[in-house]
Amino acid sequence: MRRIALKCLVFDLGRLITSVLGVAIATALLLAQIGIYEGMKVSSSRIIRNFGGDVWAMARGTNVIDNAEAISAGIGPLVLAHPCVREARGLIHSMTFARRPDGSYEAVVLVGSDPQGEAPYFPWRMVAGLPSDLGHPMAVTVDRLDARKLGLPQNPMGANFEVYGQNAHVVGVTRGIRSIMVMPYLFTSLDNARAVLGLTEGQVSQWVLDLTHPSCVPDVIDWVERHRDIQAFTTADWAERTEQYWIKESGAGSMLGLTALLGLVVGVVIVGQTLYSLTQQHFKELAMLRVVGANAGELVSFVAWQVLVIGISGAITGTGLAYGVGWLMEQSDIEVSLSDEVVSFGLVVIAVMCLLAAAHSVRAVLRIRGTEVF
Amino acid sequence: MAAATMQATDARVTTLLRTERLSKVYGEPPIQTTVVNKVSVEIRANALTLLMGPSGSGKTTLLMMMAGLVDVSSGQVELFGTDITGPEIVKAPAIRRHELGFIFQNYNLFLALTALENVAEVLRLKGFRAKVAYAQAKEALEAVGLGHRLNHRPAKLSGGEQQRVAIARALAGDPALIIGDEPTAALDTKTGQTITALLKEVISPKRGVLLVTHDPRLEPHADRILRIEDGRIIADEDRHG
Ligand SMILES: Nc1ncnc2c1ncn2[C@@H]1O[C@H](COP(=O)(O)OP(=O)(O)OP(=O)(O)O)[C@@H](O)[C@H]1O
Ligand SMILES: [Mg+2]
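Residues numbered from 1 in each chain as written. Chains lettered and ligands numbered in written order. Predicted model: local features only at pLDDT ≥ 70, side-chain atom pairs only at ≥ 80, totals over all residues. Heavy atoms only, no water.

In this section: the overall build of chain A. For chain A, the count of helices and strands is eleven helices and ten strands. At 29 Å, chain A has a C-alpha radius of gyration far larger than the 21 Å of a compact globule built from 374 residues. Dimensions of chain A along its principal axes, counting C-alpha atoms only, are 95 × 50 × 30 Å. Residues counted as buried form 52% of the 374 residues belonging to chain A. Long-range pairs, those at least 24 residues apart, make up 80% of the contacts in chain A between residues at least 6 apart in sequence. For chain A, the accessible area works out to roughly 16,500 Å², and carbon and sulfur atoms hold 60% of it. Charge-centre separation for chain A: the mean point of 28 positive side chains lies 12 Å from the mean point of 33 negative side chains. (Helix = DSSP H or I, 4+ residues; strand = E, 2+ residues; numbered from the N terminus. Rg over C-alpha atoms; globule rule 2.2 N^0.38 Å. Buried < 20%, exposed > 50% of the residue type's maximum accessible area, 1.4 Å probe, protein only. Contact = heavy atoms within 4.5 Å. Areas by Shrake-Rupley, 256 points an atom, 1.4 Å probe, with all protein chains shown as cover. Lys, Arg positive; Asp, Glu negative; His and termini not counted. Charge placed at Lys NZ, Arg CZ, Asp CG, Glu CD.)

Secondary structure summary: chain B contains seven helices and eleven strands in total. Overall size of chain B, expressed as C-alpha extent along the three principal axes, is 55 × 40 × 35 Å. Considering chain B as a whole, with its 241 residues, one finds that 53% of them fall into the buried category. Within chain B, residue pairs in contact and separated by at least 24 positions form 69% of the contacts whose partners lie at least 6 positions apart. For chain B, the exposed surface amounts to about 10,400 Å²; the carbon and sulfur share of it is 49%. Looking at charge distribution, chain B has the averaged site of its 29 positive side-chain charges lying 5 Å from that of its 27 negative ones.

A separate point is the sheet that holds strand β4 (residues 48–52) of chain B. Residue and element names in this part refer to chain B. Spatially, six strands are ordered β7-β8-β9-β4-β10-β11 in an open sheet, and the strand pairing comes out mixed. The strands lining the two open edges of the sheet, one partner per strand, are β7 (100–103) and β11 (232–238). Averaged over all pairs of adjacent strands, the angle between strand axes in this sheet comes to 15 degrees, irrespective of strand direction. Summarising the sheet, strand β10 (residues 224–229) and β11 pair through six bridges and their orientation is antiparallel. Paired with Ile228 across the bridge in β11 is Ile233. Each of β7 and β8 (177–181) touches helix α3 (residues 92–99); the most contacted strand, β7, lies at about 80 degrees to it. (Pairing = 2+ DSSP bridges. Axes fitted to C-alpha atoms, helices over the stretch in contact; angles between N-to-C directions.)

Moving on: unusual backbone geometry. All names here are of chain B. Cis geometry is adopted by the peptide bond preceding Pro30, which originates at Pro29 and carries an omega value of 5 degrees. Here Pro30 lies in the loop between β1 (15–26) and β2 (33–39). Here the phi dihedral of Phe80 falls at roughly 50 degrees; this positive angle occurs in a residue that is not glycine. Relative to the helices and strands, Phe80 is located in the loop between β5 (74–79) and β6 (82–83).

Before going further, it helps to examine the interface of chain A and chain B. The partner chain B presents 25 residues to the 23 residues of chain A that form the contact. Roughly 2,300 Å² is buried in total at the junction of chain A and chain B, and carbon and sulfur atoms are behind 70% of that figure. For the pair chain A and chain B, the number of links is four salt bridges. With a closest N to O distance of 2.8 Å, Glu117 of chain B and Lys7 of chain A form a salt bridge. Linking chain A to chain B there are six residue pairs in polar contact (both at pLDDT 80 or more). (Buried area = accessible area lost by both parts, 1.4 Å probe. Salt bridge = Lys/Arg side-chain N within 4 Å of Asp/Glu carboxyl O. Polar contact = N/O pair within 3.5 Å; in protein donor to acceptor, adjacent residues only side chain to side chain.)

To continue, consider the confidence of the model for chain B. All names here are of chain B. Model confidence for chain B is summarised by a mean pLDDT of 90, while 94% of its residues fall at 70 or above. Across chain B, the element-wise mean pLDDT spans from 44 in helix α1 (residues 2–5) up to 96 in helix α4 (residues 115–125). Overall, residues 1–12 carries pLDDT values under 50, and its contacts beyond four positions in sequence, including any with other chains, amount to 19 contacts. The ipTM, which scores confidence in the relative placement of chains, is 0.89 for this predicted complex, and the corresponding pTM is 0.82. (pLDDT = per-residue confidence, 0-100.)

Residue pairs three or four apart in sequence face the same way in an α-helix, which turns once every 3.6 residues. Residue and element names in this part refer to chain A. Every buried residue of helix α5 (residues 190–197) is accounted for by Leu190, Asn192, Ala193, Arg194 and Val196. On its buried face, α5 is in contact with β2 (85–99), β3 (105–112), β5 (139–143), β6 (160–163), β7 (166–174) and β8 (185–188). A positive phi of about 70 degrees marks Gly198, the residue just after α5.

Residues and elements named next belong to chain A. With 27 residues, helix α11 (residues 340–366) should cover 39 Å at 1.5 Å per step; its first-to-last C-alpha distance of 37 Å lies within 8% of that length. Among the residues of α11, Val342, Val343, Gly346, Ile350, Met353, Cys354, Ala357, Ala358, Ser361, Ala364 and Val365 are the ones counted as buried. For α11, the secondary structure elements touched by its buried residues are α2 (13–44), α8 (252–281), α9 (283–291) and α10 (296–331). (Expected span 1.5 Å × (residues − 1).)

Residue and element names in this part refer to chain A. Evaluated as defined, the whole model comprises six aromatic pairs over all chains. Judged by centre distance (5.3 Å) and plane angle (85 degrees), the rings of Tyr245 and Trp246 are edge-to-face. Here Arg2 stacks its cationic end above the ring of Trp305, 5.8 Å away from the centre of that ring. (Phe/Tyr/Trp six-rings, centres within 6.5 Å; stacked < 30°, edge-to-face > 60°. Lys NZ or Arg CZ within 6 Å of the ring centre and 35° of its normal.)

This brings us to the site of ligand 1. Residues and elements named next belong to chain B. By nearness alone, every residue bordering ligand 1 is listed as Tyr26, Val35, Pro54, Ser55, Gly56, Ser57, Gly58, Lys59, Thr60, Thr61, Glu182 and His214. Between an oxygen atom of ligand 1 and a side-chain N or O atom of Ser55, the distance comes to 2.5 Å. In this structure, an oxygen atom belonging to ligand 1 sits 2.8 Å away from a main-chain N or O atom of Gly56. For ligand 1, whose free accessible area comes to 640 Å², the fraction covered by protein is 55%. With three residues, the single largest contributor to the shell around ligand 1 is helix α2 (residues 59–66). For the shell around ligand 1, the class distribution of residues is three nonpolar, seven polar and two charged. (Near = heavy atom within 4 Å. Nonpolar A, V, L, I, M, F, W, Y, C, P; charged D, E, K, R; others polar.)

You'll often see interface size given as the accessible area lost when the parts meet. All names here are of chain A. Looking at the assigned domains, one finds that chain A contains domain 1 (2–44 + 251–373) and domain 2 (50–249). Computed from C-alpha coordinates alone, the two centres of domain 1 and domain 2 are separated by 45 Å. With twelve residues of domain 1 at the interface, the matching set in domain 2 holds 13 residues. A per-residue breakdown of the area domain 1 buries against domain 2 is headed by Lys41, Ser44 and Asp333, which together make up 48% of the total. One can count zero salt bridges joining domain 1 with domain 2. (Domains from an automatic or database assignment.)

Shown next as structure tokens:
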């Protein structure tokens, strides 16, 4: 039956191409939407996940890392006092403004942290300079993707520009570290960040605690939260809260979901139409096969082979398209995460879409008794 | 082959199919129509049997019951020794695969397939391996005079040639009974005669042909004519006397 099914499919070349394109577009739309959604999640919680640690402590009422207020200098020694806390790393994460050489302003996110102990290398993905250079007065990193936005040369290494009234010096370049708000990240030391933001010695916006043992987590959170100005979460919790905040706040979740759904509906309709009209066109011949002794399963395989070919060629084309679209969007500042998980999930959904599209034809074929041919 | 196991000493009387008071009633009481009415016939090998009657007399219905495609209302059909009106109805598809060849008024060829593929792919569905199927298909097409048209698609063939492809499809795999429902109705007189002559040629001591028609021009070719009216067999004429 394979040869019959596939020859009939190829014979109707126009329909074949339309339906393969239908699957391809549905696949590309779906993958791009999931990719953008995942990209939003990844970029919104990137700082948290990269900074790591076991427990994060910040001003009570903070709902997202981007809105964290500075907390008072006394909190540091306090969180360190718990016997389970091996290390407390301060982090300053604050929006501020940089000034381009032409005098205009650009909103940026200033991230201050100090290399400390065995803590993860931070900032990560540096393509020029060393994290230790950030200790120099007003030394910052700029991301390669943001150089143009800040009016700096394509290789911003060594350039000077103004950050909130202070003269900053570029000592390092990162690669592809982007914030959800499409604001450039400038990494620097805690002292430099305090100097720019006018904070006093010991002030940070969050404390990241490394514990001696993960089983201490609930106890430490309890203990930190006894201070009425401070709240604490596990790292995973805090990352997830931040992701949820951005997805809700931007309304992106439902928008992306709707677009993906639209792609799927279009895919089901186009593929369903093609399969059904192929089945209708060959109704008499299929009935003839039933008469000469083909069983129902063999008739179903007429539809199955066709949907398989349409689905696989469409999915391959569509995945290629999605990677292309993803690459283009990355160039224009939108992060698209086409991880293996995203692609596998998307392809499973496309497979289900194809099955749905085939259902109508399969039902029609199963109704063939053979008598129709006389 | 089941036909051979029937062990008739005289090949001419090998019975391929037998019906016993076979009836088909459509509808629910009180509005019922008896379309086939207590038909008892035997279809034998080595003969071209015509089933003739006016439109609506029940010819197609009878044929479909004989092939196990339509449930009977009462009576029996014994197809190659198997009573397919009872629980053995499940064997009907296998019997159709191995013992029956079908020809229809419309040729029902796949337009996307060549003549050779149209014949061979059906053989493959019947369980033949690809190589064997294509070899036998070629043989069957040569037997119906289409050896030079193997790789033509139906659109490039005349109606008569298309029906010959359909006959090759019915013959391939060597079934013992060829059943045709108005196989000449869509053809002009001359082509119809040629097709009938061809079907006459394929009968053998092991093989019979049963054709439904209401075309009297086919009568001269027949070995036997069954006449049906209002679902009843009203005459059973042996043309050899
Ligand atoms: N499924 C059905 N339900 C009800 N009536 C039916 C059904 N199938 C056939 N009939 C009726 O049974 C009668 C016989 O039909 P059948 O097709 O067997 O006739 P036929 O002899 O083959 O006619 P024709 O020469 O026109 O093909 C017709 O009156 C038809 O309307
Ligand atoms: Mg009829």
